[in-house]
Number of protein chains: 2
Amino acid sequence: MINSHRYCVIMCGGIGSRFWPYSRTARPKQFIDFLGTGRTLLQMSYDRILPIVDKKNIIVVTNADYASLVKEQLPDIDDSNIMLEPARRNTAPCIAWAAWHIAALDPQASMVVMPSDHLITREREFEASIRKGFEFVEANDALLTLGIQPSRPETGYGYIQIGNPTEEESINRVKTFTEKPDLSLAEVFIQSGEFFWNSGLFLWSAEAIKRELRKHAPDISAVFDRGQEVFGTENEDDFIHENFPGCMSISIDFAVMEKANNVYVETVDFGWTDLGTWSSLYDNSPRNKSGNVAQNCSLLSYDSSGNIFAVKEDKLVVVDGLKDYIVADAGDVLLICRKGEEQRIKQMVNDARMNFGEKYL
Amino acid sequence: MINSHRYCVIMCGGIGSRFWPYSRTARPKQFIDFLGTGRTLLQMSYDRILPIVDKKNIIVVTNADYASLVKEQLPDIDDSNIMLEPARRNTAPCIAWAAWHIAALDPQASMVVMPSDHLITREREFEASIRKGFEFVEANDALLTLGIQPSRPETGYGYIQIGNPTEEESINRVKTFTEKPDLSLAEVFIQSGEFFWNSGLFLWSAEAIKRELRKHAPDISAVFDRGQEVFGTENEDDFIHENFPGCMSISIDFAVMEKANNVYVETVDFGWTDLGTWSSLYDNSPRNKSGNVAQNCSLLSYDSSGNIFAVKEDKLVVVDGLKDYIVADAGDVLLICRKGEEQRIKQMVNDARMNFGEKYL
């Protein structure tokens, strides 16, 4: 029996530039079958929440440019459950809109907010964790974030330090949010046992997040309060089109989570990765016996290991003497980059724009 | 005024496997616009001989599989000037057929035989050299080969050692033909001033090469002598279809040039390269300021030099931290191979066949 007051917001408006050229402006990584499983990351996110939240309560928030991709990939979703942002404004305005929208439909609503481009491998543990989170935010005035049990001193993630325990096992007050640490600090974090990876998964009641937005991000809440009467009506789209672009661009972490007093963390361990980088994709993909990862391609390798080959069309890749590289072939762009230098991809995207305009983005 | 007894035989039946995957069984390198000039290597070979030999005397010998490619690329050539080999039998049977064919059309014919996949940059010197060669073989009972003034101790070519001079400047008796030397021997060759690169370009009268084939390769000449009356008639194709495959597969160098007593070499210097390897293509192509060669592609490079990028379709290649590699993208095959390891390409082709059949060949 699914609780009809529970909602899910899947955010899928990002452009995934760290995975360029595989992830493109026209089809970011959440719309790609990244692991070659037959389902895109967005579809996997949808599949994962379906046992927990009634289909009619699953809402996808995306950029207007991706409307047709969402409809194509999630044909079961009703058009009224696809919220199209007219501009990119980071997560706080996105979540605010979803909260005002859902609260208008159901003032008793609770909601889970989740990115669409993460990978979760242990779905039953995910399901149990989300149910527990819903129960907690339904019983308490709480903003709940999910902290992932870390398995290594990862420097690519933000961390959450747990504070005082609650009556619920594995749910604590949040002591601090931290930015990405350097390696030595990350090692200290791991040893302490107090730090968990910041997953970007949140649960709260719609009213609770509205209240905290009013407290900590009044510029944003004011926009949506101004349109109070339009949410859930046929006038909502016009209102959003006119007012959403005026919101400041800011993450929900900066706008609310790091400021509010009722922030809790549920520590979980359900095989999570944000797949935020090629290296994390390499780390989370099955390697062949020579230690290479081949996505969507046949591979003949000679004196080569530690590479990830990601190819859009069926292709034979033959490689000699290559160690620890990213090779991403996206049809009209071929990227060959040392795994340790992938932070350069951002610069490469800029250089491609400078030299060739939008053609290859 | 073009001498109507002069003929040209362009050989273009090879499969160019050293340039796999850029060169494919279905379209070997001579049929590719390898340098991005707008003309394929075959078309450049044809253009080069056109001022010297009457168009109706230019004959292309190729494998039957490539008939349509030749017709498409050389639309000016009459069908009767395209000789289609029903099987691959190396250069001696190919040249023998051409000689018997041409001698039947014109018993006084002289002919230049040339590969279709070499690069020659100084066309006026080429023209003068070929004219001089024709005059020599028309005045003397001689098999004339062209020896290229070497510019470096190349270990990838065979060499010709010059012997006694003739009355003609820059034409000598051949003392020896040598196989590909190692580097120390190649250096000795260069210092001696007596050694020239074996170009695979030959001139002779049709009767002279027929006579020498009869002397030194009687198994082959016997096949063509058996069909003496068919050459130049409508029965020639049937005869070839039936008898050509029975010829032994052997090069003209082994079969005749290394054995005959009337072999001469004209030493020339017209900017020749056989483009036999990716490294030679790299050496003969303009490099950008970072020291990379980009064929048919836009390149953004970071900490990368000494690479050759050859791409079939217009594509952006972005590369970080790559030194001295071959990157060849042929649509359905991507090859990344150290330049120093390109002798492995043969093995790679075999492995591709073992694993995937003919699909990628």
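Conventions we followed
Residues numbered from 1 in each chain as written. Chains lettered and ligands numbered in written order. Predicted model: local features only at pLDDT ≥ 70, side-chain atom pairs only at ≥ 80, totals over all residues. Heavy atoms only, no water. Helix = DSSP H or I, 4+ residues; strand = E, 2+ residues; numbered from the N terminus. Buried < 20%, exposed > 50% of the residue type's maximum accessible area, 1.4 Å probe, protein only. 1 Å grid on protein atoms, 1.4 Å probe; cavity = no way out; pocket = protein on both sides within 12 Å on 5 of 7 lines; lining within 4 Å. Points joined across faces, edges and corners; volume = space filled by probe spheres on them. Nonpolar A, V, L, I, M, F, W, Y, C, P; charged D, E, K, R; others polar.

## Remarks on unusual backbone geometry
Excluding glycine, residues mostly carry a negative phi; peptide bonds, for their part, are mostly trans.
Phase 1: Here the residue pair A:W20 and A:P21 is connected by a cis peptide bond, since its omega of 5° sits within 30 degrees of zero.
Phase 2: As for its placement among the helices and strands, A:P21 is situated in the loop between β1 (6-11) and α1 (41-49).
Phase 3: Unusually for a residue other than glycine, B:S170 sits at a positive phi of about 70°.
Phase 4: Looking at the secondary structure, you find B:S170 in the loop between β7 (159-165) and β8 (171-178).
Phase 5: Residue B:S170 is classed as partly exposed on the basis of its relative accessible area, which comes to 26%.

## Considerations on empty space enclosed by the protein
Residues and elements named next belong to chain A.
Phase 1: Overall, the coordinates contain two cavities of 30 Å³ or more when judged by the stated rule.
Phase 2: By volume, the largest cavity amounts to about 50 Å³.
Phase 3: R48, M114, P115, H118, I120, F126, L201 and W272 are the residues that line the largest cavity.
Phase 4: Each residue belonging to the lining of the largest cavity can be placed in one class, and the counts come to six nonpolar, one polar and one charged.
Phase 5: In this structure, the second largest cavity spans a volume of roughly 30 Å³.
Phase 6: Classifying every residue of the lining of the second largest cavity gives four nonpolar, one polar and one charged.

## Quick notes on the layout of surface pockets
Phase 1: Roughly 1700 Å³ of internal volume is contained in the largest pocket.
Phase 2: Forming the walls of the largest pocket are 47 residues, and the residues nearest its centre are B:R18, B:N90, B:T91, B:H118 and B:D274.
Phase 3: Looking at the lining of the largest pocket, the elements that each hand over two or more residues are α3 (91-105), β8, β9 (195-205), α9 (252-257) and α10 (278-283) of chain B.
Phase 4: By residue class, the composition of the lining of the largest pocket is 12 nonpolar, 21 polar and 14 charged.
Phase 5: Of the volumes computed, that of the second largest pocket is approximately 1400 Å³.
Phase 6: Looking at the second largest pocket, it is lined by 44 residues, and the ones nearest its centre are A:R18, A:N90, A:T91, A:H118 and A:D253.
Phase 7: Elements represented by at least two residues in the lining of the second largest pocket include exactly β2 (58-63), α3 (91-105), β8 (171-178), β9 (195-205) and α9 (252-257) of chain A.
Phase 8: Here the lining of the second largest pocket gets four residues from one element, more than from any other, and that element is β9(A).
Phase 9: When its residues are assigned to classes, the lining of the second largest pocket shows 13 nonpolar, 19 polar and 12 charged.

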